[in-house]
Amino acid sequence: MTISEPLSLKNKASNIGFIFFGLIGILPFVAAFVYALLYSFGLVGAANSGFTTEFWISTWQSGAFIKSLVYSTVVAGTSIFISVSIALWLTLKFRKELEHPILAFAMYLPLAIPGIVAAFFTFQLLAKAGFFSRIAYAFGWITEARQFPDLVNDPYAIGIIATFISIVTPFLLLLFLNVYKNERVDELAQLSQSLGANKQQTVWRVSLPVVLNKTWTLIGLYFIFLLGAYEVPLILGQESPQMLSVLIIREIKQYDLSRLSEGYVVAVIYTVIVTTAAVLLFSRKNDVKHEG
Amino acid sequence: MKANWKFFFLAALVILVVFPFAYLLLLSMASEWRFPELWPAYFGMRNWEQVVSSETGLISSFLVSTGISFSVATMSTFIGFFISRGIAYHPYKRTITLLTYFPYILAPVVFAACLSYFFLKLGLFGKPVGVFVAQFMVAFPYALIFFSSFWGEKTKSYEELVATLGGNQLQAFRKVLLPIAKNMLIICFFQTFLISWFEYGLTSIIGVGKVQTLTIKVFLFIKESNFYYGALSCCLLILPPVLLLYINKRYVFNKLI
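Rules behind the numbers
- Residues numbered from 1 in each chain as written.
- Chains lettered and ligands numbered in written order.
- Predicted model: local features only at pLDDT ≥ 70, side-chain atom pairs only at ≥ 80, totals over all residues.
- Helix = DSSP H or I, 4+ residues; strand = E, 2+ residues; numbered from the N terminus.
- Rg over C-alpha atoms; globule rule 2.2 N^0.38 Å.
- Buried ≥ 20, exposed ≤ 12 C-beta atoms within 10 Å, placed from the backbone.
- Contact = placed C-beta atoms within 7 Å.
- Nonpolar A, V, L, I, M, F, W, Y, C, P; charged D, E, K, R; others polar.
- Axes fitted to C-alpha atoms, helices over the stretch in contact; angles between N-to-C directions.
- Parallel < 35°, antiparallel > 145°, perpendicular 65-115°, else oblique.
- Left-handed = near helix turned anticlockwise from the far one by under 90°.

**Topic: the overall build of chain A**
Helix and strand content of chain A: 12 helices and 0 strands. In chain A, the order of α-helices and β-strands from amino to carboxyl end is α-α-α-α-α-α-α-α-α-α-α-α. Its C-alpha atoms give chain A a radius of gyration of 25 Å, more than 25% over the compact-globule value 19 Å for 292 residues. Counting only residues that meet the buried cut, chain A has 40% of its 292 residues in that class. By sequence separation, contacts in chain A at least 24 residues apart represent 69% of the contacts at least 6 residues apart.

So this is what it looks like as structure tokens:
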């Protein structure tokens with residue numbers, strides 16, 4: 001009796017924990033998805049009258065979603081590719097120098113800047129009347145603000161990509177430096193050189209594969225985060241095409257009730273894509289670690 | 001020569017890193033800075049003095065942000081710590097952990113937009129408590145993922161040792177598990193504080209402009225083209241994480257998920 005009492009208490013506490021987890025961790029996600037799904041098929045919503053697939057068809061035919069998906073993928077992919085390249089180059093080239101206390105602290109500083117501040121700062125630098133435009137004027141390269149090239153709210157998403165790179169690169173640099181140290185890549189590199197490999201072979205066949213193999217899940221995760229980024233493209237993006245989150249919110253928050261359902265169609269597709277990506281990323285490699 | 005280019009490159013890198021902070025501080029102290037001037041016509045403390053004395057609402061936004069972020073961080077850290085134990089020892093740990101990622105990985109703004117109907121029905125729309133609940137839904141899974149690496153054979157054997165010596169579950173937590181998890185609890189608290197502190201999209205949807213956190217203020221000032229106050233809000237937004245960095249770098253950077 002004395003044994004079974006604490007056990008039943010323990011089970012009770014564990015059950016309460018799982019109920020709470022279900023209520024906060026799972027239920028809202030399921031509820032949000034089901035509501036968006038029902039709305040997209042016209043089954044809920046003030047302006048809807050019953051089951052229909054017309055919103056899915058019209059979303060597909062308008063092409064806005066496909067354009068937005070391609071645009072978001074290209075922007076996020078380009079940003080991640082450049083960020084990974086810069087962070088890897090800095091890791092391989094300057095890892096010893098970056099251990100200096102001043103540089104070690106400086107590397108962490110960008111992490112204190114949230115996306116909305118980074119976007120605001122980029123706008124202040126790259127806008128037509130921004131800081132770089134003023135410098136161009138001072139050097140005589142332009143005589144009016146409008147002669148400065150479009151670097152924000154531009155069709156090539158230069159401002160968005162620059163901001164994403166400035167946000168993601170510091171994270172990746174710190175991550176790569178940690179992996180480089182923890183996986184003893186230096187020792188592996190020395191071993192490969194003593195076995196006859198040259199510098200290039202050591203970098204391409206030893207150092208890079210070890211670092212990337214240990215971090216690809218996180219790189220994938222950053223790609224997903226950038227795919228759904230909101231603040232940065234909201235401030236620095238253009239009217240069309242827009243990145244996915246901006247498009248979804250524009251559709252859902254508009255006053256035209258008849259088009260609300262199309263916003264939910266995009267939200268459903270986005271959720272399915274992101275969830276599938278999460279399953280693919282984490283179902284195999286679930287041994288997540290932390291810097292303790 | 002080689003050492004020289006490295007030195008100059010790294011010096012440039014440090015300048016590049018410090019530049020946004022310096023520029024935003026400069027802009028927050030500027031006024032009447034029109035194109036093509038390289039230096040503002042006015043430079044001083046006027047904007048900062050107005051923040052303290054006038055109706056810009058920045059001080060109240062700072063307090064609202066602090067209150068919400070503090071509550072979100074406290075609740076998600078402690079509840080996350082206790083519930084993550086059950087998940088870590090569960091036979092379906094992998095599946096449950098995967099489910100935990102879903103709300104975390106989804107763009108918070110989209111998550112909030114799809115949930116807004118339920119918040120409206122529950123009377124949580126446009127209220128600080130609604131923003132707290134919504135942010136908690138994002139920070140809580142993060143805490144669960146964060147603590148998943150804490151629980152394992154080692155902690156299990158500690159718990160068993162306490163039980164063998166006659167201690168109960170509460171004593172195991174108070175005397176053993178919480179003390180050894182102290183560092184992780186602190187890091188998780190600051191991480192979840194920053195998740196909430198930096199949050200914009202979800203707050204704008206659930207708060208519908210009525211709950212004006214600092215990130216909402218920054219966006220409002222940008223929309224009004226009031227860049228000086230925008231920069232000032234940015235400075236207030238950056239201040240706590242910079243302080244945390246100064247105290248301990250690990251508080252701001254965790255190898256994430």
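**Structural notes on the interface of chain B and chain A**
The interface of chain B with chain A comprises 70 residues on the first partner and 69 residues on the second. With 9 residues, the single largest contributor to the side of chain B that touches chain A is helix H4 (residues 93-105) of chain B. For the side of chain B that touches chain A, the class distribution of residues is 52 nonpolar, 12 polar and 6 charged.

**Overview of unusual backbone geometry**
The omega torsion of the bond from Ser240(A) to Pro241(A) falls at -5°, within 30 degrees of zero and hence cis. By secondary structure assignment, the location of Pro241(A) is in the loop between helix H10 (231-236) and helix H11 (244-252). Omega for the bond connecting Phe35(B) with Pro36(B) falls within 30 degrees of zero, at 5°, which places this linkage in the cis form. Within the secondary structure, Pro36(B) is located in the loop between strand E1 (30-31) and strand E2 (42-43). One non-glycine residue, Asn153(A), lies in the positive phi region at around 50°. The backbone of Arg184(A) sits at a positive phi, close to 50°, despite the residue not being glycine. A residue is classified by how many C-beta atoms lie within 10 Å of it, and Arg184(A), with 12 of them, is exposed.

**Regarding the packing of helix H5 (residues 115-126) of chain A against helix H11 (residues 214-223) of chain B**
At a closest axis distance of 10 Å, the pairing of H5(A) and H11(B) adopts a crossing angle of 20°. Compared by their axis directions, H5(A) and H11(B) come out roughly parallel. Crossing geometry of H5(A) relative to H11(B) is assigned as left-handed. For the pair H5(A) and H11(B), the contacting residues are Ile116(A), Val117(A) and Phe120(A) in the first and Thr215(B), Val218(B), Phe219(B) and Ile222(B) in the second. For the contact of H5(A) with H11(B), the class distribution of residues is 6 nonpolar, 1 polar and no charged.

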